[in-house]
Protein chains: 2
Amino acid sequence: MKNYLPILQKSPLFSDIGETELLSLLDCLGGTLRAYPKGTAVFSEGDRPTHLGIVLDGEIRITRTDYYGNRSIVAAVKAPQVFGETFACAEVESLPVDVTAATDCTVLLIGVDRVLNPCCNSCSFHNRLIYNLMKQTAAKNLLFHRKLEITSKRTTRDKLMTYLLMTAKDQGSNSFTVPYDRQELADYLEVDRSGLSAEISKLRREGVLTAEKNRFTLL
Amino acid sequence: MKNYLPILQKSPLFSDIGETELLSLLDCLGGTLRAYPKGTAVFSEGDRPTHLGIVLDGEIRITRTDYYGNRSIVAAVKAPQVFGETFACAEVESLPVDVTAATDCTVLLIGVDRVLNPCCNSCSFHNRLIYNLMKQTAAKNLLFHRKLEITSKRTTRDKLMTYLLMTAKDQGSNSFTVPYDRQELADYLEVDRSGLSAEISKLRREGVLTAEKNRFTLL
DNA sequence: TCGCTTTTGTTGAAAATTCAACAGACTTTC
DNA sequence: GAAAGTCTGTTGAATTTTCAACAAAAGCGA
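These notes cover the structure that comes with them. (Residues numbered from 1 in each chain as written. Chains lettered and ligands numbered in written order. Predicted model: local features only at pLDDT ≥ 70, side-chain atom pairs only at ≥ 80, totals over all residues. Heavy atoms only, no water.)

**Some thoughts on the overall build of chain A**
The helix and strand tally for chain A stands at eight helices and 11 strands. Seen through its C-alpha atoms, chain A measures out along the principal axes to roughly 65 × 40 × 30 Å. For chain A, the proportion of its 219 residues judged to be buried stands at 49%. Across chain A, the fraction of contacts at a sequence separation of at least 24, relative to all contacts at a separation of at least 6, is 71%. Of the roughly 10100 Å² of accessible surface on chain A, a fraction of 48% belongs to carbon and sulfur atoms. Within chain A, one finds 27 positive and 26 negative side-chain charges whose respective centroids are separated by 6 Å. (Helix = DSSP H or I, 4+ residues; strand = E, 2+ residues; numbered from the N terminus. Buried < 20%, exposed > 50% of the residue type's maximum accessible area, 1.4 Å probe, protein only. Contact = heavy atoms within 4.5 Å. Areas by Shrake-Rupley, 256 points an atom, 1.4 Å probe, with all protein chains shown as cover. Lys, Arg positive; Asp, Glu negative; His and termini not counted. Charge placed at Lys NZ, Arg CZ, Asp CG, Glu CD.)

Pasting the structure below:
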(Lines give C-alpha, C1' and ligand atoms only; values in the text may rest on other atoms or scores of the structure.)
Protein backbone atom coordinates (compact mmCIF):
# COMPACT_ATOMS: atom_id res chain seq x y z
CA MET A 1 0.00 0.00 0.00
CA LYS A 2 2.75 2.40 0.93
CA ASN A 3 4.09 2.34 -2.61
CA TYR A 4 0.92 4.03 -3.75
CA LEU A 5 0.87 6.84 -1.22
CA PRO A 6 2.03 9.50 -3.72
CA ILE A 7 -0.77 8.54 -6.09
CA LEU A 8 -3.36 8.37 -3.33
CA GLN A 9 -2.42 11.86 -2.26
CA LYS A 10 -3.17 13.08 -5.75
CA SER A 11 -6.60 11.49 -5.72
CA PRO A 12 -9.43 14.02 -5.47
CA LEU A 13 -10.83 11.96 -2.62
CA PHE A 14 -7.86 12.77 -0.41
CA SER A 15 -7.09 16.31 -1.50
CA ASP A 16 -5.88 18.58 1.30
CA ILE A 17 -5.17 15.65 3.56
CA GLY A 18 -1.57 15.28 4.73
CA GLU A 19 0.48 12.12 4.55
CA THR A 20 0.29 11.14 8.18
CA GLU A 21 -3.43 11.84 8.33
CA LEU A 22 -3.88 9.89 5.14
CA LEU A 23 -2.20 6.87 6.64
CA SER A 24 -4.47 6.77 9.65
CA LEU A 25 -7.46 7.48 7.45
CA LEU A 26 -6.60 4.57 5.18
CA ASP A 27 -6.27 2.39 8.21
CA CYS A 28 -9.69 3.45 9.38
CA LEU A 29 -11.26 3.00 5.92
CA GLY A 30 -9.88 -0.50 5.55
CA GLY A 31 -9.55 -0.62 1.79
CA THR A 32 -8.38 -3.63 -0.17
CA LEU A 33 -5.78 -3.50 -2.90
CA ARG A 34 -6.61 -5.46 -6.05
CA ALA A 35 -4.85 -6.05 -9.35
CA TYR A 36 -6.80 -6.69 -12.55
CA PRO A 37 -5.28 -7.95 -15.81
CA LYS A 38 -6.32 -6.17 -18.98
CA GLY A 39 -9.82 -7.09 -20.06
CA THR A 40 -11.04 -8.47 -16.75
CA ALA A 41 -14.04 -7.20 -14.87
CA VAL A 42 -13.63 -4.95 -11.84
CA PHE A 43 -17.36 -4.72 -11.29
CA SER A 44 -20.03 -6.38 -13.43
CA GLU A 45 -23.48 -5.22 -14.38
CA GLY A 46 -25.95 -6.45 -11.81
CA ASP A 47 -23.52 -6.41 -8.88
CA ARG A 48 -24.69 -4.70 -5.75
CA PRO A 49 -22.54 -1.59 -5.57
CA THR A 50 -21.05 -1.18 -2.10
CA HIS A 51 -17.53 0.00 -2.83
CA LEU A 52 -15.90 2.84 -4.61
CA GLY A 53 -12.59 2.35 -6.38
CA ILE A 54 -9.50 4.45 -6.81
CA VAL A 55 -7.35 3.68 -9.84
CA LEU A 56 -3.73 3.53 -8.66
CA ASP A 57 -2.22 2.28 -11.86
CA GLY A 58 -3.49 1.62 -15.38
CA GLU A 59 -6.86 2.57 -16.82
CA ILE A 60 -10.42 1.30 -16.60
CA ARG A 61 -13.55 1.72 -18.72
CA ILE A 62 -17.12 2.24 -17.63
CA THR A 63 -19.26 0.64 -20.31
CA ARG A 64 -22.76 -0.49 -20.90
CA THR A 65 -23.99 -3.03 -23.40
CA ASP A 66 -27.58 -3.02 -24.51
CA TYR A 67 -29.97 -5.80 -25.42
CA TYR A 68 -28.69 -5.94 -28.98
CA GLY A 69 -25.04 -6.02 -27.97
CA ASN A 70 -24.28 -2.40 -28.82
CA ARG A 71 -21.51 -1.22 -26.56
CA SER A 72 -21.50 2.27 -25.19
CA ILE A 73 -18.51 3.73 -23.37
CA VAL A 74 -19.59 5.92 -20.50
CA ALA A 75 -16.16 7.02 -19.35
CA ALA A 76 -12.45 6.23 -19.23
CA VAL A 77 -10.91 6.45 -15.76
CA LYS A 78 -7.20 6.54 -15.05
CA ALA A 79 -5.03 7.05 -11.97
CA PRO A 80 -5.62 8.73 -9.58
CA GLN A 81 -9.30 9.02 -10.36
CA VAL A 82 -12.24 7.58 -8.47
CA PHE A 83 -15.03 5.41 -9.85
CA GLY A 84 -18.16 3.65 -8.64
CA GLU A 85 -18.82 6.18 -5.91
CA THR A 86 -22.05 7.32 -7.50
CA PHE A 87 -23.75 3.97 -7.52
CA ALA A 88 -22.54 3.04 -4.08
CA CYS A 89 -23.65 6.36 -2.59
CA ALA A 90 -27.01 6.31 -4.30
CA GLU A 91 -27.61 2.91 -2.74
CA VAL A 92 -28.96 1.35 -5.90
CA GLU A 93 -29.48 -2.36 -5.66
CA SER A 94 -27.92 -3.26 -8.99
CA LEU A 95 -25.03 -1.78 -10.92
CA PRO A 96 -26.22 -0.59 -14.36
CA VAL A 97 -22.77 -0.65 -15.98
CA ASP A 98 -19.72 -2.81 -16.48
CA VAL A 99 -16.38 -1.68 -15.09
CA THR A 100 -13.50 -3.29 -16.96
CA ALA A 101 -9.71 -3.04 -16.87
CA ALA A 102 -8.65 -1.35 -20.13
CA THR A 103 -5.01 -2.11 -19.28
CA ASP A 104 -3.44 -4.13 -16.50
CA CYS A 105 -4.29 -2.11 -13.47
CA THR A 106 -4.23 -1.75 -9.73
CA VAL A 107 -7.21 -0.51 -7.79
CA LEU A 108 -7.97 0.33 -4.20
CA LEU A 109 -11.51 -0.65 -3.18
CA ILE A 110 -13.14 1.11 -0.24
CA GLY A 111 -16.59 0.46 1.21
CA VAL A 112 -18.68 3.61 1.10
CA ASP A 113 -20.17 2.75 4.49
CA ARG A 114 -16.78 3.40 5.94
CA VAL A 115 -16.57 6.72 4.17
CA LEU A 116 -20.01 8.06 4.95
CA ASN A 117 -20.11 6.99 8.58
CA PRO A 118 -17.32 8.75 10.48
CA CYS A 119 -15.49 6.35 12.74
CA CYS A 120 -15.48 6.88 16.46
CA ASN A 121 -11.72 7.22 16.54
CA SER A 122 -10.08 10.57 16.25
CA CYS A 123 -10.22 10.74 12.47
CA SER A 124 -10.42 14.48 12.39
CA PHE A 125 -10.08 14.36 8.63
CA HIS A 126 -13.06 12.23 8.01
CA ASN A 127 -15.21 15.30 7.49
CA ARG A 128 -12.76 16.53 4.95
CA LEU A 129 -13.05 13.16 3.26
CA ILE A 130 -16.82 13.42 3.06
CA TYR A 131 -16.51 16.93 1.70
CA ASN A 132 -14.10 15.65 -0.95
CA LEU A 133 -16.44 12.82 -1.86
CA MET A 134 -19.22 15.36 -2.19
CA LYS A 135 -17.20 17.48 -4.59
CA GLN A 136 -16.05 14.42 -6.45
CA THR A 137 -19.62 13.26 -7.02
CA ALA A 138 -20.61 16.70 -8.18
CA ALA A 139 -17.64 16.73 -10.54
CA LYS A 140 -18.67 13.35 -11.91
CA ASN A 141 -22.03 14.88 -12.55
CA LEU A 142 -20.38 17.52 -14.69
CA LEU A 143 -18.66 14.80 -16.69
CA PHE A 144 -22.01 13.26 -17.47
CA HIS A 145 -23.23 16.66 -18.39
CA ARG A 146 -20.45 17.03 -20.87
CA LYS A 147 -21.16 13.67 -22.36
CA LEU A 148 -24.80 14.66 -22.74
CA GLU A 149 -23.71 17.80 -24.52
CA ILE A 150 -21.94 15.58 -27.01
CA THR A 151 -24.65 13.01 -27.53
CA SER A 152 -27.27 15.72 -27.88
CA LYS A 153 -25.64 16.78 -31.13
CA ARG A 154 -27.31 15.24 -34.15
CA THR A 155 -24.47 14.58 -36.56
CA THR A 156 -21.24 12.62 -36.27
CA ARG A 157 -19.28 15.72 -37.22
CA ASP A 158 -20.86 17.86 -34.50
CA LYS A 159 -20.39 15.15 -31.91
CA LEU A 160 -16.76 14.70 -32.83
CA MET A 161 -15.95 18.40 -32.97
CA THR A 162 -17.71 19.05 -29.66
CA TYR A 163 -15.64 16.30 -28.08
CA LEU A 164 -12.38 17.43 -29.62
CA LEU A 165 -12.89 21.06 -28.65
CA MET A 166 -13.64 20.03 -25.07
CA THR A 167 -10.58 17.83 -24.92
CA ALA A 168 -8.34 20.51 -26.40
CA LYS A 169 -9.59 22.95 -23.79
CA ASP A 170 -9.01 20.39 -21.03
CA GLN A 171 -5.47 19.70 -22.10
CA GLY A 172 -4.78 23.33 -22.85
CA SER A 173 -3.44 22.68 -26.33
CA ASN A 174 -4.61 22.30 -29.89
CA SER A 175 -2.62 19.09 -30.07
CA PHE A 176 -3.70 16.37 -27.70
CA THR A 177 -4.31 12.67 -27.32
CA VAL A 178 -7.61 10.99 -26.61
CA PRO A 179 -7.82 7.87 -24.41
CA TYR A 180 -9.65 5.90 -27.09
CA ASP A 181 -8.90 4.08 -30.31
CA ARG A 182 -11.30 4.59 -33.22
CA GLN A 183 -13.81 1.94 -32.20
CA GLU A 184 -13.80 3.17 -28.62
CA LEU A 185 -14.15 6.78 -29.69
CA ALA A 186 -17.15 5.77 -31.77
CA ASP A 187 -18.60 3.93 -28.77
CA TYR A 188 -18.04 7.00 -26.63
CA LEU A 189 -19.58 9.40 -29.14
CA GLU A 190 -22.39 6.89 -29.81
CA VAL A 191 -21.83 6.80 -33.56
CA ASP A 192 -20.85 4.27 -36.19
CA ARG A 193 -17.12 3.55 -36.38
CA SER A 194 -16.85 3.60 -40.17
CA GLY A 195 -18.86 6.79 -40.29
CA LEU A 196 -16.52 8.30 -37.74
CA SER A 197 -13.45 7.32 -39.76
CA ALA A 198 -15.04 8.81 -42.85
CA GLU A 199 -15.80 12.04 -41.01
CA ILE A 200 -12.26 12.30 -39.68
CA SER A 201 -10.91 11.86 -43.19
CA LYS A 202 -13.24 14.55 -44.43
CA LEU A 203 -12.12 16.97 -41.72
CA ARG A 204 -8.53 16.15 -42.64
CA ARG A 205 -9.17 16.93 -46.29
CA GLU A 206 -10.88 20.17 -45.34
CA GLY A 207 -7.81 21.15 -43.33
CA VAL A 208 -9.68 21.36 -40.03
CA LEU A 209 -7.45 18.91 -38.22
CA THR A 210 -4.78 16.27 -38.44
CA ALA A 211 -5.21 12.90 -36.81
CA GLU A 212 -2.81 10.03 -36.47
CA LYS A 213 -3.79 7.22 -34.15
CA ASN A 214 -5.13 8.81 -31.01
CA ARG A 215 -3.38 12.16 -31.41
CA PHE A 216 -5.47 14.97 -32.83
CA THR A 217 -4.38 18.47 -33.77
CA LEU A 218 -6.88 21.21 -34.48
CA LEU A 219 -5.67 23.62 -37.13
CA MET B 1 -42.10 29.98 4.71
CA LYS B 2 -44.17 28.01 7.20
CA ASN B 3 -46.77 27.26 4.57
CA TYR B 4 -44.24 25.18 2.73
CA LEU B 5 -43.05 23.09 5.67
CA PRO B 6 -44.96 19.97 4.55
CA ILE B 7 -43.34 20.16 1.12
CA LEU B 8 -39.91 20.85 2.52
CA GLN B 9 -40.18 17.79 4.70
CA LYS B 10 -40.80 15.72 1.60
CA SER B 11 -37.71 17.08 -0.07
CA PRO B 12 -34.88 14.55 -0.32
CA LEU B 13 -32.59 17.17 1.16
CA PHE B 14 -34.44 17.09 4.46
CA SER B 15 -35.38 13.45 4.71
CA ASP B 16 -35.28 12.02 8.21
CA ILE B 17 -35.20 15.47 9.76
CA GLY B 18 -38.08 16.30 12.11
CA GLU B 19 -40.20 19.43 11.92
CA THR B 20 -38.65 21.28 14.84
CA GLU B 21 -35.13 20.42 13.71
CA LEU B 22 -36.04 21.49 10.21
CA LEU B 23 -37.15 24.89 11.46
CA SER B 24 -33.91 25.59 13.21
CA LEU B 25 -31.98 24.20 10.28
CA LEU B 26 -33.81 26.50 7.88
CA ASP B 27 -33.04 29.39 10.15
CA CYS B 28 -29.38 28.45 10.10
CA LEU B 29 -29.32 27.94 6.33
CA GLY B 30 -30.88 31.31 5.66
CA GLY B 31 -32.68 30.51 2.44
CA THR B 32 -34.66 32.98 0.40
CA LEU B 33 -38.10 32.31 -1.00
CA ARG B 34 -38.69 33.39 -4.59
CA ALA B 35 -41.63 33.22 -6.98
CA TYR B 36 -41.12 32.96 -10.73
CA PRO B 37 -43.85 33.45 -13.34
CA LYS B 38 -44.04 30.88 -16.12
CA GLY B 39 -41.27 31.30 -18.66
CA THR B 40 -38.95 33.42 -16.56
CA ALA B 41 -35.37 32.48 -15.74
CA VAL B 42 -34.47 31.09 -12.32
CA PHE B 43 -30.80 30.83 -13.24
CA SER B 44 -29.25 31.76 -16.58
CA GLU B 45 -26.40 30.23 -18.46
CA GLY B 46 -23.18 31.92 -17.45
CA ASP B 47 -24.28 32.73 -13.91
CA ARG B 48 -21.88 31.80 -11.15
CA PRO B 49 -23.64 28.94 -9.37
CA THR B 50 -23.65 29.46 -5.63
CA HIS B 51 -27.10 28.34 -4.62
CA LEU B 52 -29.16 25.22 -4.86
CA GLY B 53 -32.91 25.43 -5.29
CA ILE B 54 -35.82 23.45 -3.92
CA VAL B 55 -39.02 23.55 -5.96
CA LEU B 56 -41.88 24.20 -3.55
CA ASP B 57 -44.58 24.69 -6.12
CA GLY B 58 -44.83 24.36 -9.89
CA GLU B 59 -42.24 22.94 -12.24
CA ILE B 60 -38.95 24.02 -13.75
CA ARG B 61 -36.88 22.92 -16.73
CA ILE B 62 -33.14 22.51 -17.03
CA THR B 63 -32.29 23.28 -20.64
CA ARG B 64 -29.34 24.05 -22.80
CA THR B 65 -29.33 25.83 -26.11
CA ASP B 66 -26.43 25.32 -28.47
CA TYR B 67 -24.75 27.66 -30.91
CA TYR B 68 -27.32 26.96 -33.61
CA GLY B 69 -30.29 27.49 -31.33
CA ASN B 70 -31.11 23.82 -30.87
CA ARG B 71 -32.72 23.41 -27.51
CA SER B 72 -32.03 20.37 -25.41
CA ILE B 73 -34.01 19.57 -22.29
CA VAL B 74 -31.78 18.11 -19.61
CA ALA B 75 -34.44 17.50 -16.99
CA ALA B 76 -37.84 18.49 -15.65
CA VAL B 77 -37.90 19.23 -11.92
CA LYS B 78 -41.02 19.52 -9.82
CA ALA B 79 -41.82 19.91 -6.10
CA PRO B 80 -40.25 18.84 -3.83
CA GLN B 81 -37.14 18.16 -5.86
CA VAL B 82 -33.78 19.87 -5.68
CA PHE B 83 -31.85 21.49 -8.52
CA GLY B 84 -28.61 23.30 -9.11
CA GLU B 85 -26.78 21.51 -6.31
CA THR B 86 -24.39 19.84 -8.72
CA PHE B 87 -23.01 23.01 -10.22
CA ALA B 88 -22.82 24.81 -6.93
CA CYS B 89 -21.05 21.92 -5.18
CA ALA B 90 -18.62 21.36 -8.03
CA GLU B 91 -17.64 25.02 -7.73
CA VAL B 92 -17.71 25.67 -11.45
CA GLU B 93 -17.35 29.29 -12.35
CA SER B 94 -20.11 29.43 -14.92
CA LEU B 95 -23.45 27.66 -15.15
CA PRO B 96 -23.65 25.63 -18.37
CA VAL B 97 -27.46 25.42 -18.47
CA ASP B 98 -30.56 27.54 -18.27
CA VAL B 99 -33.03 26.99 -15.46
CA THR B 100 -36.49 28.21 -16.40
CA ALA B 101 -39.92 28.20 -14.81
CA ALA B 102 -42.10 25.81 -16.85
CA THR B 103 -45.14 26.95 -14.87
CA ASP B 104 -45.61 29.68 -12.30
CA CYS B 105 -43.54 28.41 -9.44
CA THR B 106 -42.11 29.00 -6.01
CA VAL B 107 -38.56 28.13 -5.15
CA LEU B 108 -36.40 28.17 -2.04
CA LEU B 109 -32.80 29.18 -2.75
CA ILE B 110 -30.07 28.12 -0.34
CA GLY B 111 -26.37 28.95 -0.55
CA VAL B 112 -24.33 25.75 -0.68
CA ASP B 113 -21.69 27.35 1.52
CA ARG B 114 -24.20 27.27 4.29
CA VAL B 115 -24.93 23.63 3.64
CA LEU B 116 -21.39 22.33 3.33
CA ASN B 117 -19.92 24.28 6.23
CA PRO B 118 -21.66 23.23 9.45
CA CYS B 119 -22.59 26.19 11.57
CA CYS B 120 -21.12 26.61 15.01
CA ASN B 121 -24.55 26.49 16.61
CA SER B 122 -26.01 23.26 17.82
CA CYS B 123 -27.33 22.17 14.44
CA SER B 124 -27.01 18.52 15.24
CA PHE B 125 -28.79 17.71 12.01
CA HIS B 126 -26.38 19.44 9.79
CA ASN B 127 -24.46 16.23 9.27
CA ARG B 128 -27.65 14.52 8.25
CA LEU B 129 -28.21 17.36 5.80
CA ILE B 130 -24.80 16.87 4.23
CA TYR B 131 -25.44 13.14 4.03
CA ASN B 132 -28.74 13.85 2.28
CA LEU B 133 -27.09 16.22 -0.14
CA MET B 134 -24.54 13.53 -0.89
CA LYS B 135 -27.22 10.99 -1.69
CA GLN B 136 -29.16 13.55 -3.66
CA THR B 137 -26.16 14.35 -5.83
CA ALA B 138 -25.52 10.66 -6.40
CA ALA B 139 -29.18 10.20 -7.31
CA LYS B 140 -28.94 13.07 -9.78
CA ASN B 141 -26.03 11.25 -11.28
CA LEU B 142 -28.25 8.26 -11.88
CA LEU B 143 -30.73 10.48 -13.67
CA PHE B 144 -27.99 11.59 -16.04
CA HIS B 145 -27.08 8.01 -16.48
CA ARG B 146 -30.59 7.17 -17.52
CA LYS B 147 -30.68 10.00 -19.94
CA LEU B 148 -27.43 8.79 -21.44
CA GLU B 149 -28.97 5.36 -21.83
CA ILE B 150 -31.67 6.99 -23.91
CA THR B 151 -29.50 9.21 -26.06
CA SER B 152 -27.07 6.36 -26.71
CA LYS B 153 -29.79 4.63 -28.72
CA ARG B 154 -29.49 5.30 -32.41
CA THR B 155 -33.08 5.50 -33.66
CA THR B 156 -36.01 7.64 -32.62
CA ARG B 157 -38.04 4.50 -31.96
CA ASP B 158 -35.44 3.02 -29.61
CA LYS B 159 -35.01 6.31 -27.78
CA LEU B 160 -38.73 6.70 -27.33
CA MET B 161 -39.34 3.12 -26.22
CA THR B 162 -36.42 3.21 -23.79
CA TYR B 163 -37.84 6.36 -22.26
CA LEU B 164 -41.39 5.05 -22.10
CA LEU B 165 -40.37 1.75 -20.55
CA MET B 166 -38.33 3.58 -17.90
CA THR B 167 -41.20 5.92 -17.13
CA ALA B 168 -43.70 3.06 -16.93
CA LYS B 169 -41.43 1.28 -14.48
CA ASP B 170 -41.02 4.47 -12.43
CA GLN B 171 -44.73 5.07 -12.18
CA GLY B 172 -45.48 1.40 -11.69
CA SER B 173 -48.09 1.24 -14.42
CA ASN B 174 -48.41 0.67 -18.13
CA SER B 175 -50.48 3.82 -18.31
CA PHE B 176 -48.69 7.00 -17.31
CA THR B 177 -48.15 10.65 -18.10
CA VAL B 178 -44.93 12.28 -19.14
CA PRO B 179 -44.02 15.83 -18.06
CA TYR B 180 -43.48 16.99 -21.64
CA ASP B 181 -45.50 17.98 -24.65
CA ARG B 182 -44.38 16.66 -28.03
CA GLN B 183 -41.82 19.34 -28.76
CA GLU B 184 -40.39 19.04 -25.26
CA LEU B 185 -40.31 15.27 -25.46
CA ALA B 186 -38.39 15.57 -28.72
CA ASP B 187 -35.99 18.01 -27.06
CA TYR B 188 -35.52 15.60 -24.19
CA LEU B 189 -34.95 12.58 -26.42
CA GLU B 190 -32.75 14.68 -28.69
CA VAL B 191 -34.70 13.90 -31.85
CA ASP B 192 -36.75 15.75 -34.44
CA ARG B 193 -40.29 16.59 -33.36
CA SER B 194 -42.01 15.65 -36.60
CA GLY B 195 -40.07 12.41 -36.71
CA LEU B 196 -41.14 11.71 -33.16
CA SER B 197 -44.79 12.32 -34.01
CA ALA B 198 -44.45 10.02 -37.01
CA GLU B 199 -42.89 7.32 -34.89
CA ILE B 200 -45.61 7.57 -32.26
CA SER B 201 -48.24 7.21 -34.97
CA LYS B 202 -46.45 4.18 -36.32
CA LEU B 203 -46.31 2.56 -32.89
CA ARG B 204 -50.00 3.32 -32.51
CA ARG B 205 -50.81 1.64 -35.81
CA GLU B 206 -48.71 -1.36 -34.82
CA GLY B 207 -50.69 -1.67 -31.61
CA VAL B 208 -47.70 -1.16 -29.37
CA LEU B 209 -49.17 1.76 -27.47
CA THR B 210 -51.85 4.40 -27.28
CA ALA B 211 -51.00 8.04 -26.82
CA GLU B 212 -53.20 11.04 -26.32
CA LYS B 213 -51.56 14.25 -25.29
CA ASN B 214 -49.02 13.42 -22.64
CA ARG B 215 -50.63 10.17 -21.50
CA PHE B 216 -49.12 7.00 -22.88
CA THR B 217 -50.32 3.43 -22.45
CA LEU B 218 -48.14 0.49 -23.36
CA LEU B 219 -50.18 -2.44 -24.67
C1' DT C 1 -69.27 30.90 -30.42
C1' DC C 2 -65.79 32.99 -33.31
C1' DG C 3 -61.24 33.90 -34.38
C1' DC C 4 -56.47 33.34 -33.16
C1' DT C 5 -52.70 30.79 -31.46
C1' DT C 6 -50.49 26.64 -30.19
C1' DT C 7 -49.91 21.87 -30.65
C1' DT C 8 -49.86 17.70 -33.18
C1' DG C 9 -49.74 14.82 -37.23
C1' DT C 10 -48.46 14.07 -42.21
C1' DT C 11 -45.70 14.11 -46.19
C1' DG C 12 -41.82 14.22 -49.55
C1' DA C 13 -37.19 15.52 -50.50
C1' DA C 14 -32.55 16.12 -48.95
C1' DA C 15 -29.03 14.83 -45.88
C1' DA C 16 -26.87 11.74 -42.70
C1' DT C 17 -26.32 7.40 -40.43
C1' DT C 18 -25.88 2.63 -40.28
C1' DC C 19 -24.46 -1.65 -42.11
C1' DA C 20 -21.60 -4.95 -44.49
C1' DA C 21 -17.74 -5.97 -46.92
C1' DC C 22 -13.09 -5.33 -48.05
C1' DA C 23 -8.18 -3.66 -48.46
C1' DG C 24 -4.11 -1.82 -46.58
C1' DA C 25 -1.33 -0.60 -42.55
C1' DC C 26 0.23 -1.81 -38.33
C1' DT C 27 1.09 -5.18 -34.16
C1' DT C 28 1.84 -9.18 -32.01
C1' DT C 29 3.24 -13.74 -31.63
C1' DC C 30 5.68 -17.69 -32.55
C1' DG D 1 10.81 -12.86 -40.29
C1' DA D 2 6.49 -14.82 -41.50
C1' DA D 3 1.79 -15.43 -40.18
C1' DA D 4 -2.11 -14.18 -37.82
C1' DG D 5 -4.71 -10.85 -35.92
C1' DT D 6 -6.13 -6.03 -35.10
C1' DC D 7 -7.00 -1.39 -36.39
C1' DT D 8 -8.17 2.07 -39.72
C1' DG D 9 -10.05 3.92 -43.85
C1' DT D 10 -13.13 3.40 -47.97
C1' DT D 11 -17.23 2.51 -50.45
C1' DG D 12 -22.14 1.78 -51.90
C1' DA D 13 -26.74 0.40 -50.59
C1' DA D 14 -30.38 0.49 -47.35
C1' DT D 15 -32.33 2.76 -43.58
C1' DT D 16 -33.30 6.67 -40.83
C1' DT D 17 -33.28 11.34 -39.63
C1' DT D 18 -33.81 15.99 -40.49
C1' DC D 19 -35.99 19.80 -42.60
C1' DA D 20 -39.71 22.53 -44.45
C1' DA D 21 -44.25 23.16 -45.36
C1' DC D 22 -48.85 22.45 -44.51
C1' DA D 23 -53.34 20.77 -42.53
C1' DA D 24 -56.05 19.28 -38.82
C1' DA D 25 -57.02 19.47 -33.99
C1' DA D 26 -57.03 21.51 -29.63
C1' DG D 27 -56.79 25.37 -26.50
C1' DC D 28 -57.70 30.21 -25.32
C1' DG D 29 -59.53 34.70 -24.95
C1' DA D 30 -62.83 38.13 -26.26
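There's plenty left to go through after this.
**Side note on the protein's contact with DNA strand C**
In the vicinity of DNA strand C, 14 residues are found, and the nearest of them are Thr156 and Asp192 of chain A together with Arg182, Ser201 and Arg204 of chain B. Counting only atoms of DNA strand C within 4 Å of the protein, the sugar-phosphate share comes to 63%. Within the contact set of DNA strand C, a phosphate oxygen lies 3.1 Å away from a side-chain nitrogen or oxygen of serine 197 of chain B. If you list the elements that add at least two residues to the surface near DNA strand C, you get α7 (182-189) and α8 (193-205) of chain B. Among the elements that take part in the surface near DNA strand C, α8 of chain B stands out by supplying five residues, more than any other. Considered class by class, the residues forming the surface near DNA strand C number one nonpolar, seven polar and six charged. (Near = heavy atom within 4 Å. Polar contact = N/O pair within 3.5 Å; in protein donor to acceptor, adjacent residues only side chain to side chain. Nonpolar A, V, L, I, M, F, W, Y, C, P; charged D, E, K, R; others polar.)

**Remarks on the pairing of strand β10 (residues 209-212) of chain B**
Look at any regular strand and the pattern is simple: side chains alternate between the two faces of the sheet. Residue and element names in this part refer to chain B. Along β10, the buried face is formed by Leu209 and Ala211; none of Thr210 and Glu212, which line the opposite face, is buried. Here β10 pairs with strand β11 (residues 215-218) via four bridges, running antiparallel. Bridged to leucine 209 within β11 is leucine 218. Counting the residues in the hairpin turn of β10 and β11 gives two residues, including lysine 213, whose phi is positive at 55°. (Pairing = 2+ DSSP bridges.)

**Digging into the sheet that holds strand β9 (residues 175-177) of chain A**
Backbone hydrogen bonds hold the strands of a sheet together, and the pairing may be parallel or antiparallel. Residue and element names in this part refer to chain A. Taken together, the three strands give an open sheet; going across it, the order is β9-β11-β10, and neighbouring strands pair in antiparallel fashion. One side of each edge strand has no neighbouring strand; the edge strands of this open sheet are β9 and β10 (209-212). Averaged over all pairs of adjacent strands, the angle between strand axes in this sheet comes to 15°, irrespective of strand direction. Relative to strand β11 (residues 215-218), β9 is paired through three bridges, and the arrangement is antiparallel. Pairing of threonine 177 across the sheet is with arginine 215, part of β11. (Axes fitted to C-alpha atoms, helices over the stretch in contact; angles between N-to-C directions.)

**Notes on the interface of chain A and chain B**
Taken together, the contact pairs 36 residues of chain A with 36 residues of chain B. Both faces combined, the contact of chain A with chain B buries some 3400 Å², and carbon together with sulfur accounts for 65% of it. Along the contact surface separating chain A from chain B lie four salt bridges. Listing elements by their share of the side of chain A that touches chain B, those giving two or more residues are β5 (71-78), α3 (85-89) and α5 (126-151) of chain A. Of the residues that constitute the side of chain A that touches chain B, the class distribution is 18 nonpolar, seven polar and 11 charged. (Buried area = accessible area lost by both parts, 1.4 Å probe. Salt bridge = Lys/Arg side-chain N within 4 Å of Asp/Glu carboxyl O.)

**Concerning α8 of chain B**
All names here are of chain B. Taking 1.5 Å of rise per residue, the 13 residues of α8 would be expected to cover 18 Å, and the 18 Å separating its terminal C-alpha atoms lies within 8% of that figure. Lining the buried residues of α8 we find α6 (156-171), α7, β10 and β11. Positive phi shows up at glycine 207, right after α8, with a value of about 75°. (Expected span 1.5 Å × (residues − 1).)

**Focus on the packing of aromatic side chains**
Per the counting criterion, the structure on display carries eight aromatic pairs over all chains. Between tyrosine 180 of chain A and tyrosine 188 of chain A, the ring centres sit 5.2 Å apart and the planes meet at 25°, which makes this aromatic pair stacked. Exposure remark for tyrosine 180 of chain A: the relative accessible area of 5% places this residue in the buried category. Under the relative-accessibility criterion, tyrosine 188 of chain A is labelled buried at 10%. Summarising the aromatic geometry, the rings of phenylalanine 176 of chain B and phenylalanine 216 of chain B are spaced 6.5 Å apart at their centres and angled 20° between planes, so their arrangement reads as stacked. On the criterion of sequence distance, the pair formed by phenylalanine 176 of chain B in strand β9 (residues 175-177) and phenylalanine 216 of chain B in strand β11 is long-range, its members being 40 residues apart. What links up through ring pairs into an aromatic cluster is the set Tyr163, Tyr180 and Tyr188 of chain A. In this arrangement the basic side chain of lysine 147 of chain A is found over the ring face of tyrosine 188 of chain A, its NZ or CZ atom lying 4.8 Å from the centre. (Phe/Tyr/Trp six-rings, centres within 6.5 Å; stacked < 30°, edge-to-face > 60°. Lys NZ or Arg CZ within 6 Å of the ring centre and 35° of its normal.)

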